[in-house]
Amino acid sequence: MKDFFGKYRDLVGISILLVVPLVALFYSGRDREKLKPLATALSTLAVPIEIVGDAAFSTVADLWNGYVDLVGVKGESERLKKEVEALTGELLRLKHIEIENRRLKGLCEFKRDQARFRYVAARVIGWSPSPSQSVMKIVLDRGEADGVKAGMPVVTNEGLVGRIERLMGGVAEVMLIVDPRSRLNVKIAEKGVTGTLVGSGDRDRFTARLLHVQKGSDVDRLDTVVTSGFDGLFPPDLEVGYVMTEATQQTGLFYEVPILPAVDFGRLQEVLIVAGTVEPAADGKVGGPR
Amino acid sequence: MRGFILWLIAYVFTGLIGSLTHQLGATSFVPDVTLAFVVYAILNLRPLPAALTVAAIGLMEDGFAGGGVIGLHTETLLLVFLLLQTFLKRWRATTSFGVILAAEVGLFVHDLVYLILALLFDSEFRGAALVIQAVIPRMIITLPLIPAVLAIVRRVDRRFFRPEPRLFFDG
């Protein structure tokens, strides 16, 4: 018997190994409850490695997801940064347009209110070159071809800017009223006090001086100064500036009054060149240019 | 003892692969590397210890399967073991390619035998179509894992037992 078992040990052993699970399969296949304790024990056997595997791969997955999220966040951050840059640019552009629109609207309103004149709209394309120079002039993008002539007044909706000094091809140089060479006859609106407005040449302040104001004249702070029209250079009643202070400085027989121009020269972008007057038609309406 | 170590590696691999596929959400086609262990056992152990190791691996698979029907995986693996033993002895498939091919064929046979046994003995079995659909994908998914599993098993086996270089993957 011992020899037999020794001779056929493998065969017997493997046969038993084949039969035992077959029997188990036979019974548990028909009714799973029959071998439930064994099934539970086998399932429990799988638990430790499943816990270890789950913990390991969860950690790896978390790290990976974190990395992917980080990459995503970085990409998102870059995208948002570009978007912010683009939107900031767009915002600045829109603000610029809004400011320009406001300025142009002001000019249009001025043009409508002052319909007695014929205008040529122009854009400021240059300033007098050196801050050390007392000459104060701007360059406009309009020239002779646009009907612009030397001496023509230049205005904005805020007031008088200056006059065309020189024409050079397609551009025109304007002498500002704050230029020390500038002379124009003005008056204090509704008071009849007249004088000569001379630019102070002070670049930082853009101010002017009202000269030849007779002693005892009624001049108050914030009085409006307008062109008198007496000099034949500028049409009458164009706003020029305001009296800065009541305190007047005496020069000989006359007083000198500091004037703050109505125009903010620091922000000058578009102007109107007064190219002539418009004659009223027979029916009282505005007619053609003179 | 060699059989136990083999079983232990199979246990770790099966558990980790199950967890990995679960994490990846690829539970439809889980690779089955147990056939690599079966082939290794056939080629490196004597028949009875090899059969015992295979039976233990089968029982472990029954446990991983949820312990529903006891013996289904064990019986399937033992039958495939017998078939592969015959095949490997007859064809002397001891090269790397031969061993991988044997494991792949074994996997195919395993799924068919499993299906037959489940249909015969498991009264609640309803997944025949799923098993058939998964046969080829499982073979494909398992293919790249077999050389890796065999290499690891061989390395561990050599480290612990220093067996004679009887078989494949020498060098």
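Just so you know, these numbers come straight off a predicted model, no measurement behind them.

> Mind laying out the confidence of the model for chain B, listing which residues take part and the relevant values?
When pLDDT is averaged along chain B, the result is 81; 90% of the residues meet or exceed 70. In the predicted assembly, ipTM is 0.79 and pTM is 0.51.

> Tell me about helix H3 (residues 47-64) of chain B, and name the residues and values.
Residue and element names in this part refer to chain B. An ideal rise of 1.5 Å per residue puts 26 Å on 18 residues; H3 measures up with 25 Å between its terminal C-alpha atoms. Within H3, 13 of the 18 residues are buried, leaving the element largely enclosed by the surrounding structure. The first or second residue beyond H3 is Gly66, which carries a positive phi of 105°.

> So what about the interface of chain B and chain A? Which residues, and what values?
Counting from both sides, the interface comprises 37 residues of chain B and, opposite them, 30 residues of chain A. Summing both sides of the interface, chain B and chain A together bury roughly 2900 Å²; the carbon and sulfur share of this comes to 71%. For the chain B face of the interface with chain A, the top three residues by lost area are Leu48, Ile70 and Phe121 of chain B, together amounting to 22%. Taken together, the connections running from chain B to chain A amount to zero salt bridges. Across the chain B-chain A interface, the total number found is four residue pairs in polar contact (both at pLDDT 80 or more). Those elements that provide at least two residues to the side of chain B that touches chain A are helix H1 (2-24), H3, helix H4 (72-91) and helix H5 (96-121) of chain B. Tallied by class, the residues present in the side of chain B that touches chain A amount to 21 nonpolar, eleven polar and five charged.

> Outline the nonpolar core, supporting the account with residue identities and numerical values.
If you look at the biggest cluster of nonpolar residues, it comprises 60 residues, and the most contacted ones within it are Phe37, Val38, Val39, Phe81 and Leu84 of chain B. Here the element with the most residues in this core is H5 of chain B; it accounts for eleven residues. Apart from residues lying up to four places away in sequence, Phe81 of chain B is in contact with Ile14 of chain A together with Val38, Ile42, Pro47, Ala50, Ala51 and Val54 of chain B. Counting 48 residues, the second-largest nonpolar core is a separate cluster that includes Met136, Ala172, Leu176 and Val219 of chain A.

Analysis parameters
- Residues numbered from 1 in each chain as written.
- Chains lettered and ligands numbered in written order.
- Predicted model: local features only at pLDDT ≥ 70, side-chain atom pairs only at ≥ 80, totals over all residues.
- Heavy atoms only, no water.
- pLDDT = per-residue confidence, 0-100.
- Helix = DSSP H or I, 4+ residues; strand = E, 2+ residues; numbered from the N terminus.
- Expected span 1.5 Å × (residues − 1).
- Buried < 20%, exposed > 50% of the residue type's maximum accessible area, 1.4 Å probe, protein only.
- Contact = heavy atoms within 4.5 Å.
- Buried area = accessible area lost by both parts, 1.4 Å probe.
- Salt bridge = Lys/Arg side-chain N within 4 Å of Asp/Glu carboxyl O.
- Polar contact = N/O pair within 3.5 Å; in protein donor to acceptor, adjacent residues only side chain to side chain.
- Nonpolar A, V, L, I, M, F, W, Y, C, P; charged D, E, K, R; others polar.
- Core = buried A, V, L, I, M, F, W, Y, C linked by side-chain atoms within 4.5 Å.

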